Amino acid sequence: MITKRIFRIVLIGILYFYAFNGFAQETQKTVTGTVTDSTGTPVANASVLIKGTKTGTQTASNGTFSLNVPAGATTLVVSSIGFENEEVPIGDGSVTVTLKASSESLANVTVVSVGYGTLNKREVSSAITHLSANDLTKVASNSPLMSIQGKVAGLSVTNTAAADPNSTPSIQLRGVSSRNAGLGPLYVINGIPGGNIDNINQNDIESIDVLKGGAASAIYGTRGSNGVIVITTKKGTSEPHTFYEGYGSFDYATNKLHVLSKEDFLANKRGIDYGGNTDWMKAVSRNPAFTQKHTLQFSGGSSRTNYFASADYRNAQGIDLRASKEEYGGRVNLNHTSANNLYTVTLNVAPRYAKTNVADYSGFNYALTLNPTLPIYDSAGRYAYITTGFFANNPVEAAKTVLSQQQIKELDISGSFKLNILKNLSTTATVGEVSRSLRSLYFTPSTNTTVVFGTGRNTAQQKLDEDDQKSFEWIGNYSLDIQKHSFKLLGGYSYQLFTSSGFNASNEDFPSDVLTYNNLGTGIWNLEEGINGVGSYKNSSKLIAFFGRLNYDFNKKYYLSGSLRREGSSKFGINNKWGYFPAASVAWRIDQEAFMQNISWLSGLKLRADYGVTGNQDFGNYLSLDTYSGYGYYVFNGVTYQVWGPSQNTNYDLRWEKAINFNVGVDFELLKNRISGSLNYYIRTNKDLLGYYSVPNPPNIQGTTYANVGTMKNSGLEIQISASAVKSKNFSYDVSFAGATNSNKFVSFSNDLFKGQTYIDVVGMPAPGSPGTVQRLQEGTRIGSFYSLKSAGYDVFGRLLVYDKEGKIIPANSATNDDKQFTGNGLPKFTASLGNTFRYKNWDLSIFLRGAFGYDLFNIYAFYLGTPAAQADANVLTSAYDGGKYSKLTNAATYSSLSDYFLEPGDFVKIDNVMLGYTKSITSKYIRSVRVYASSRNLYTFTKFTGGDPDLIQVNGLYPGINLNGDNNGTLNYYPSTIQVLFGLQVNF
């Protein structure tokens, strides 16, 4: 009986399904079509909507689309940036659409993120650069920001170890802005300030907006001084869409430093012959290093509710023997609008998990200097114990036996609720949390030769660092149009809580290597020595702000914007908890004036100027408070007490760094929008620079105080141009150019309260010898100024000759610090890039060039390893015996003398990326299009610099132009540059 009932229910369900499905098929049909411009060139990413609804889709890269429409639908509306909207009848379900170029392209370009909202490009009155997903370079990298390297004028993106899968780039906008506080921009991801840039898959990015002008970034107050990068991820549409991309890349070492072979090493009597023949650079390298990445995206929904879901997997190797990263990530974006448009709800969730093996940078240092006759293994097949040379270690053993790992967990979650109170009045509340957990794991086994012949103890350590950011943003928007007057008013409140915590534990002398770092309590070293091998910390800070902005325009020709943010930070001193950050900007669309209407070659022209005050509070917590710390232990009456005392000089006046920004610019479009671009000139003055300054002791408890002292100034010219040079039905050629100058001056070390010195000698150079410092930070000069002896060549004894302070030529070892002078500068005066994109039918080819000009690099490898005077029984660069200028310095007496003899031009032009692709539209029930592509990164570098790839030497920060360690001192750390060859596949379903 029950079986029959179930059977009936199933049968009725099947009949109902087929009946409903048949009805649905009768009430819907599929429309297919192609969208092109007036020359027949396909228009990609054009919007195709059913008229009167939000249901629609986008065209593929070849201009085709497919859309399910209700039977009653009669018209499609097709739109794209730079074109006029077109309405076309659906007809029999097959349409061809030809879009006309817009006569007012500036008025139709959508939309630019300006901080807490968006504007049409015609309304923007500050300096903002907008990049769409199509503008990003396809590159296998640990950070999505490498995809915009060279794309934005004035934005410096550098990575001194690009082949390390765990490295992250340094980002600097419009020059260095601080001495001691953070230098990187603020990231705003899906409306959440302080978003985690490492938790974004490049494929998920919809657009990137770089807020460069002070008026644009001032709305973010104390975090806007270094610029703001607004990232918007993709959202779903009403049309179901599935996308897959996978690629594999191979990295090969290039621009390598070359050392002597065994034969040349012995011929030049560099050291003892140990009987081996080892190419140490090859021995410590993984060549090629392989990376694979896969992304799967799903989107769809309706005009009211839609979703976007993405999952990605990446497994990457470094060029060294140890480095790797395996990560899994995902993202879900949900959007729902009520039937009556009363409210909109959004939810964004992005988890990520990664396991890494940390790169062994020291391996390449050893490889450069180890005697090539030393074998990797001894006669018994064990790793050879190496005790001689510049660096005494076996780098192959270290890379393969020492564990240095990380486990990373990241979660970004945010949601918003927008209430449309009136047609022109709405309010939005957004909550978000950005969290990151980093567990670091280290272990050195007892079998390691440095342990066997050293302490005899294996060692292990674990560290856990957790960062959490909670935020609440509440904004209101009101708009009003009165004849030719238009007003947009924004008001808001922001609250953010930052918490950092962690612990660490270490021990030594474990009974076995089997458990590595997983059972620290079994080690007996801490117990025997009475060592406390554990530690922990926790700190937090808060930001609270109230802000407002008014945008006004008259007759779509004259634009005015003003904003004010009042912000308080718990980091600031009790006398300066709150600050004000005003901004104003104006724009004039000259092309809309009557006297400009007869200029046929001018499509758009806008003049703008902006002014804004921004801040920087990116420094440690509690620096304005009375804090105490331990000062060791004291035994009294047999009882051990820990001594506590003040740990710093309290500064109740501590406040944010202040940046005063001025920008004037022009946006233009010429020849019916065939050429477009922008030109900006900026001046930024950073005042109240944070840093530690020497104070008398007593009366102060400590010898330094963290205070706001110092002034720095940056100015420059930026140009951004794109052009459609050739455009026909089957062939097109597009070109883009970005260029920027930067003029920098450190104005002052002093203020009314603190009178500092007029200069600081910086970048100390390591042993052997006592070379001293190689740069000077001085009032009135450009940062990155090399301050050393002035070379006068060399003498017959192989000694370096220099000029003394009176202009006389003397041996370098006879010179003193008084003989030093400014000899060069490591900060590029001009940076530029040139992009070229060719399309022929289904084929596309892009060639991207990038360069930096007008600066010097200190060749630290030539200084320590490039001359015959280098340390004995250590290998050297081939430059020591190739007959060039470094081979002339044979006398060890002047080996440690710093001079501009080792300064070389850093200028370079790089074939940065070349990509060839083929896209095929497929008429199939399941597949829409397939694209295959191949690309190469860092293909070739044109340069006179002999110390490897000049792009590997940092030019961001206070001390550009020389290899630096974490303490901003010179270092021989070396991680080779690579050529990357990548093969990829994209499929649209």
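Residues numbered from 1 in each chain as written. Predicted model: local features only at pLDDT ≥ 70, side-chain atom pairs only at ≥ 80, totals over all residues. Heavy atoms only, no water.

Undergrad: Looking at this model, I keep getting lost on the overall build of the chain. Mind explaining?
TA: Check the secondary structure of the chain and you find 10 helices and 52 strands. Taken over the C-alpha trace, the chain has a radius of gyration of 31 Å; the compact-globule value for 989 residues is 30 Å, and the two agree within 12%. Taken along its principal axes, the extent of the C-alpha atoms in the chain is 90 × 80 × 70 Å. Counting all 989 residues of the chain, 52% fall into the buried class. With the model as given, the accessible surface of the chain reaches about 43600 Å², and the carbon-plus-sulfur share is 57%. Looking at the chain, you have 86 positive and 75 negative side-chain charges, and the mean spots of the two groups are 7 Å apart. (Helix = DSSP H or I, 4+ residues; strand = E, 2+ residues; numbered from the N terminus. Rg over C-alpha atoms; globule rule 2.2 N^0.38 Å. Buried < 20%, exposed > 50% of the residue type's maximum accessible area, 1.4 Å probe, protein only. Areas by Shrake-Rupley, 256 points an atom, 1.4 Å probe, with all protein chains shown as cover. Lys, Arg positive; Asp, Glu negative; His and termini not counted. Charge placed at Lys NZ, Arg CZ, Asp CG, Glu CD.)

Undergrad: I'm lost on the UniProt feature "domain: TonB-dependent receptor plug" (unreviewed entry) in the chain in this one. Help?
TA: Those places that UniProt annotates as "domain: TonB-dependent receptor plug" (unreviewed entry) correspond, in this numbering, to residues 121-228. In the segment residues 121-228, helix accounts for 4% and strand for 25%; the C-alpha atoms at its two ends are 18 Å apart. (UniProt positions renumbered as here; feature names shortened; annotations may be inferred.)

Undergrad: Where do I start with the sheet that holds strand E14 (residues 192-193) in this structure?
TA: Adjacent strands of a sheet form backbone hydrogen bonds with each other and so pair up, either parallel or antiparallel. Here we have five strands laid out as an open sheet, ordered E10-E15-E16-E13-E14, and mixed in their pairing. The open sheet has two edge strands, strand E10 (128-132) and E14, and neither has a second partner. Across two bridges, the pairing between strand E13 (residues 186-189) and E14 is antiparallel. Across the sheet, the residue bridging to Val188 is Pro193, located in E14. (Pairing = 2+ DSSP bridges.)

Undergrad: Explain the environment of Thr41 to me, please; I cannot follow it from the model alone.
TA: Looking at the element boundaries, Thr41 is found in the loop between strand E1 (28-36) and strand E2 (47-50). The residues contacting Thr41, other than those within four sequence positions of it, are Val35, Thr36, Lys727, Ser728 and Lys729. (Contact = heavy atoms within 4.5 Å.)

Undergrad: Help me understand the domain arrangement of the chain in this model?
TA: It is common to report an interface's size as the accessible area lost on association of the parts. Parsing the chain into structural domains produces domain 1 (27-98) and domain 2 (111-241). Spacing between the C-alpha centres of domain 1 and domain 2 amounts to 31 Å. Domain 1 puts eight residues into the contact, and the matching count from domain 2 is four residues. Each partner contributes to the roughly 400 Å² buried at the junction of domain 1 and domain 2, and carbon and sulfur atoms together form 30% of this total. Inspection of the domain 1/domain 2 interface yields zero salt bridges. Run the count over domain 1 and domain 2 and you get zero residue pairs in polar contact (both at pLDDT 80 or more). At the level of secondary structure, the elements contributing two or more residues to the side of domain 1 that touches domain 2 comprise strand E3 (56-58) and strand E4 (64-70). Take the side of domain 1 that touches domain 2: its biggest share by element is three residues, from E4. Here the residues of the side of domain 1 that touches domain 2 sort into one nonpolar, six polar and one charged. (Domains from an automatic or database assignment. Buried area = accessible area lost by both parts, 1.4 Å probe. Salt bridge = Lys/Arg side-chain N within 4 Å of Asp/Glu carboxyl O. Polar contact = N/O pair within 3.5 Å; in protein donor to acceptor, adjacent residues only side chain to side chain. Nonpolar A, V, L, I, M, F, W, Y, C, P; charged D, E, K, R; others polar.)

Undergrad: What's the story with the nonpolar core in this structure? I'm lost.
TA: Across soluble globular proteins, you tend to see nonpolar side chains buried next to one another. One finds Met765, Phe858 and Tyr864 to be the most contacted residues of the largest nonpolar core, which totals 67 residues. Of all the elements, helix H10 (residues 860-865) adds the most residues to this core, at six residues. When residues no more than four places from it in sequence are discounted, the contact partners of Phe858 are Met765, Val774, Phe786, Phe863, Leu898, Ser899, Phe902, Leu903, Gly961 and Ile962. Leu145, Ile171, Ile189 and Ile208 belong to the second-largest nonpolar core, a separate cluster that totals 20 residues. (Core = buried A, V, L, I, M, F, W, Y, C linked by side-chain atoms within 4.5 Å.)

Undergrad: Would you mind showing me how to read the environment of Asn341 here?
TA: Within the element layout of this structure, Asn341 appears in the loop between strand E20 (324-337) and strand E21 (343-357). Each C-alpha atom of the pair Asn341 and Arg304 lies 8.9 Å from the other, and the pair is 37 residues apart in sequence. Other than its neighbours up to four places away in sequence, Asn341 contacts Arg304 and Asn420. Only 2.4 Å separates the side chain of Asn341 from the side chain of Arg304, close enough to count as a polar contact.

Undergrad: Teacher, can you tell me more about the pairing of strand E18 (residues 289-301) here?
TA: Working note: regular strand, side chains alternate between the two faces of the sheet. In this structure, strand E17 (residues 241-254) lies alongside E18, joined through 11 bridges in antiparallel fashion. Across the sheet, the residue bridging to Gly248 is Gln292, located in E18. Of the pairings in the sheet, the one linking E18 to strand E19 (residues 305-317) comprises 11 bridges and is antiparallel in character. Looking across to E19, one finds that Gln292 is bridged to Asn315. Linkage of E18 to E19, two consecutive antiparallel strands, is achieved through a turn of three residues.

Undergrad: Help me out: how do you make sense of a nonpolar patch on the surface in this one?
TA: There is a patch of nonpolar side chains on the surface, built from Leu296, Phe298, Tyr307, Val332, Leu334, Leu347, Leu411 and Ile413 and spanning about 580 Å² of accessible area. Relative to the elements of secondary structure, Leu334 occurs in strand E20. (Patch = residues over 30% accessible without salt bridge, like charges linked within 9 Å, V, L, I, M, F, W, Y side chains within 5 Å.)

Undergrad: Mind showing me how you'd approach the pairing of E20 here?
TA: Looking at chain direction, E19 and E20 are connected through 13 bridges and run antiparallel. Each bridged residue has a counterpart across the sheet, and for Ala311 the counterpart in E20 is Gly330. Counting the residues in the hairpin turn of E19 and E20 gives six residues. Relative to E21, E20 runs antiparallel, the two sharing 12 bridges. For Glu326, the partnering residue across the bridge sits in E21 and is Lys355. Taken together, E20 and the strand that follows it, E21, pair antiparallel across an intervening segment of five residues, in which Asn341 is found at a positive phi of about 60°.

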